[in-house]
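Okay, here's what each chain looks like letter by letter:
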Amino acid sequence: MQIATPYLMFLGDVPDRLAAKTAYGINDWRPEWCVGQLRMEGCAADLGIPDLTLEEAVAKGCRTMVVGVVNAGGVLPDHWVAEIVAALDAGLDVASGLHVRLGSIGQIAEAAKRNGRSLHDVRHTTETFPTGKGTKRPGRRLLTVGTDCSVGKKYTALALERGMRERGFDADFRATGQTGVFISGRGVAIDAVVADFISGAVEWVAPAADPNHWDLIEGQGSLFHPSFAGVSLGLLHGSQADAFVVCHEPTRTRMRGVEASLPTIQEVIDLTIRCGALTNPGIRPVGIAVNTEALAEPQARALLSEAEAVHRLPATDPVRFGVEGIVDRIAAEFPA
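- Per an unreviewed UniProt entry, the protein chain goes by the name N-acetyltransferase DgcN and belongs to Methylorubrum podarium.

Observations concerning the UniProt feature "domain: D-glutamate N-acetyltransferase-like C-terminal" (unreviewed entry) in the protein chain
- Annotation from UniProt places "domain: D-glutamate N-acetyltransferase-like C-terminal" (unreviewed entry) at residues 131-327.
- Counting secondary structure, residues 131-327 comes out at 38% helix and 16% strand; the distance between its end C-alpha atoms is 32 Å.

Observations concerning helix α10 (residues 297-311)
- Here α10 spans 21 Å end to end across 15 residues, near enough to the 21 Å set by a 1.5 Å rise per residue.
- The set of residues buried in α10 consists of Ala 300, Leu 304, Ala 307 and His 311. For α10, the angular spread of the buried residues around the axis is 60°, confining them to a single face. The exposed set on the far side of α10, more than 90 degrees from its buried face, consists of Pro 298, Glu 306, Ala 309 and Val 310.
- Two residues or fewer after α10 comes Arg 312, characterised by a positive phi angle close to 55°.

Observations concerning the side chain of Asn 27
- Examined against the element boundaries, Asn 27 turns out to sit in helix α1 (residues 21-29).
- A relative accessible area of 12% places Asn 27 in the buried class.
- Beyond its immediate chain neighbours, meaning those up to four positions away, Asn 27 contacts Cys 34, Leu 47 and Ile 49.

Brief notes about the pattern of salt bridges
- Overall, the coordinates contain 17 salt bridges when judged by the stated rule.
- Note that Arg 165 is salt-bridged to Glu 161, the shortest N-O span being 3.3 Å. Of this pair, Arg 165 and Glu 161 both sit in helix α5 (residues 153-166), four residues apart, roughly one helical turn.
- Classification of Arg 165 by relative accessible area gives partly exposed; the value is 44%.
- Between Asp 328 and Arg 167 there is a salt bridge; the shortest N-O distance is 2.7 Å. Taken together, the residues Asp 328 in helix α12 (residues 324-333) and Arg 167 in the loop between α5 and β7 (170-174) connect sequence positions 161 residues apart.
- Residues joined in a network through salt bridges with shared partners are Glu 161, Arg 165, Asp 172, Arg 174 and Asp 215.

Looking at the packing of helix α3 (residues 81-89) against helix α4 (residues 106-115)
- Their axes nearest at 9 Å, the elements α3 and α4 cross at an angle of 5°. Judged by the inter-axis angle, α3 sits roughly parallel to α4. Each of Val 81, Ile 84, Val 85, Leu 88 and Asp 89 in α3 lies in contact with α4, whose residues at this interface are Gln 107, Ile 108, Ala 111, Ala 112, Arg 114 and Asn 115.
- Tallied by class, residues from the contact of α3 with α4 come to seven nonpolar, two polar and two charged.

Remarks on the packing of α1 against α5
- At a minimum axis distance of 12 Å, the contact between α1 and α5 shows a crossing angle of 15°. The angle between α1 and α5 places the two elements in the roughly parallel class. The way α1 lies across α5 gives a crossing that is right-handed. Contacts from Tyr 24, Gly 25, Asp 28 and Trp 29 of α1 reach α5 at Tyr 155, Leu 158, Ala 159 and Arg 162.
- Partitioning the contact of α1 with α5 into residue classes produces five nonpolar, one polar and two charged.

Remarks on the sheet that holds strand β5 (residues 119-121)
- Pairing is parallel across the open sheet formed by five strands, whose spatial order is β2-β1-β3-β4-β5. Both edges of this open sheet fall to β2 (34-39) and β5, since each of them pairs with a single strand only. When the angles between neighbouring strand axes are averaged without regard to direction, this sheet yields 20°.
- When strand β1 (residues 7-12) meets strand β3 (residues 64-67), the two strands line up parallel, connected through four bridges. Within β3, the position partnered with Met 9 by the bridge is Val 66.
- The strands touched by α1 are β1, β2 and β3; relative to β1, the strand with the most contacts, the crossing angle is about 150°.

Things to note about the pairing of strand β9 (residues 243-248)
- Where burial is concerned, most of β9 is hidden: six out of the six residues are buried.
- Because side chains alternate across β9, one face comprises the buried residues Ala 243, Val 245 and Cys 247, and the other comprises Phe 244, Val 246 and His 248, equally buried.
- Across five bridges, the pairing between strand β6 (residues 140-146) and β9 is parallel. In the strand pairing of β9, Leu 142 is matched with Ala 243.

Observations concerning α5
- End to end, α5 covers 20 Å across 14 residues, agreeing with the expected 20 Å (1.5 Å per residue, within 8%).
- Of all 14 residues in α5, eleven are buried, a share of seventy percent or more.
- Within α5, the full set of buried residues consists of Lys 153, Lys 154, Tyr 155, Thr 156, Ala 157, Leu 158, Ala 159, Leu 160, Glu 161, Gly 163 and Met 164.
- At the C-terminal side of α5, Gly 168 shows a positive phi close to 95°.

Some thoughts on the side chain of Gln 240
- Within the secondary structure layout, Gln 240 lies in the loop between α8 (229-239) and β9.
- On the basis of relative accessible area, Gln 240 is assigned to the buried category, the value being 0%.
- Polar contacts involving the side chain of Gln 240 include one to the main-chain carbonyl oxygen of Gly 134, which spans 3.0 Å.
- The residues touching Gln 240, leaving out its near neighbours within four places in the chain, are Gly 134, Thr 135, Lys 136, Arg 137, Thr 279 and Asn 280.

Here is what the cut-offs are and how they apply
Residues numbered from 1 in each chain as written. Predicted model: local features only at pLDDT ≥ 70, side-chain atom pairs only at ≥ 80, totals over all residues. Heavy atoms only, no water. UniProt positions renumbered as here; feature names shortened; annotations may be inferred. Helix = DSSP H or I, 4+ residues; strand = E, 2+ residues; numbered from the N terminus. Expected span 1.5 Å × (residues − 1). Buried < 20%, exposed > 50% of the residue type's maximum accessible area, 1.4 Å probe, protein only. Arc of directions from axis to C-beta. Contact = heavy atoms within 4.5 Å. Salt bridge = Lys/Arg side-chain N within 4 Å of Asp/Glu carboxyl O. Axes fitted to C-alpha atoms, helices over the stretch in contact; angles between N-to-C directions. Parallel < 35°, antiparallel > 145°, perpendicular 65-115°, else oblique. Nonpolar A, V, L, I, M, F, W, Y, C, P; charged D, E, K, R; others polar. Left-handed = near helix turned anticlockwise from the far one by under 90°. Pairing = 2+ DSSP bridges. Polar contact = N/O pair within 3.5 Å; in protein donor to acceptor, adjacent residues only side chain to side chain.

So, in structure tokens, the structure goes:
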């Protein structure tokens, strides 16, 4: 799948920042590709880049409008269809990470055909995956896991890729969600894979490699989330993770989108080891990544210090304070 850059980021009328996390992720990690944003009335998200009309976006060289939103079920709201049709009529391709296929909507399919434009459904792959086998394969793998969904698993894996490469590690980010695929140009949206083949898809994402190569696998959901635990477990088994980092958002009391209480970091550590041992008996935690965006710096540093003391693991906010401590722990636990 080759998606033409640069992008116009479409945010629709989403109610909060998290609902536009795909757009935020692309803008944070590929800012050179994001020329502007298109927002509808009532949109509560703002990437901090120019608001553009479709005509202005085309004049500035945009080639693809990215539907940069996520929602429960991955549906495309009916009142967004006209905006997507208008983008195609303006000469833009359209790419989406939603579950619904753009071409399944008659008005969009017709507009793409009459304008000779491309529709990209990043969440859907043309690859055919086998079932996972759990057979030990060479190479080293780290999986980011979470106390909830949308707590920073992708950002942590990307920050670790950058930090480990700076320290001389042979390391690659492996995308398992639509935003990660937009950012890396390779991967598979695991939550769109038929359940029987999830672990096999992860084995494809992070295949056999040099013994000292690290695949840094983007986690999804949480083993404790009533909606997404199945995807999280398939990722854990398919990754055969040697190491994992627990990702956490400290201001939540309930899991996003459901009434379930948030698990503790220790509960996540214990269950990840118990379940992960099926395909890698040596699995172990190497760090804690906390999204402290909602906390003042003194509060954030105090919380991280407490987490380190309680769990005897390096704890950091990867975006705010870097990942040096976690990289130190990886180097110590897994010498080349």
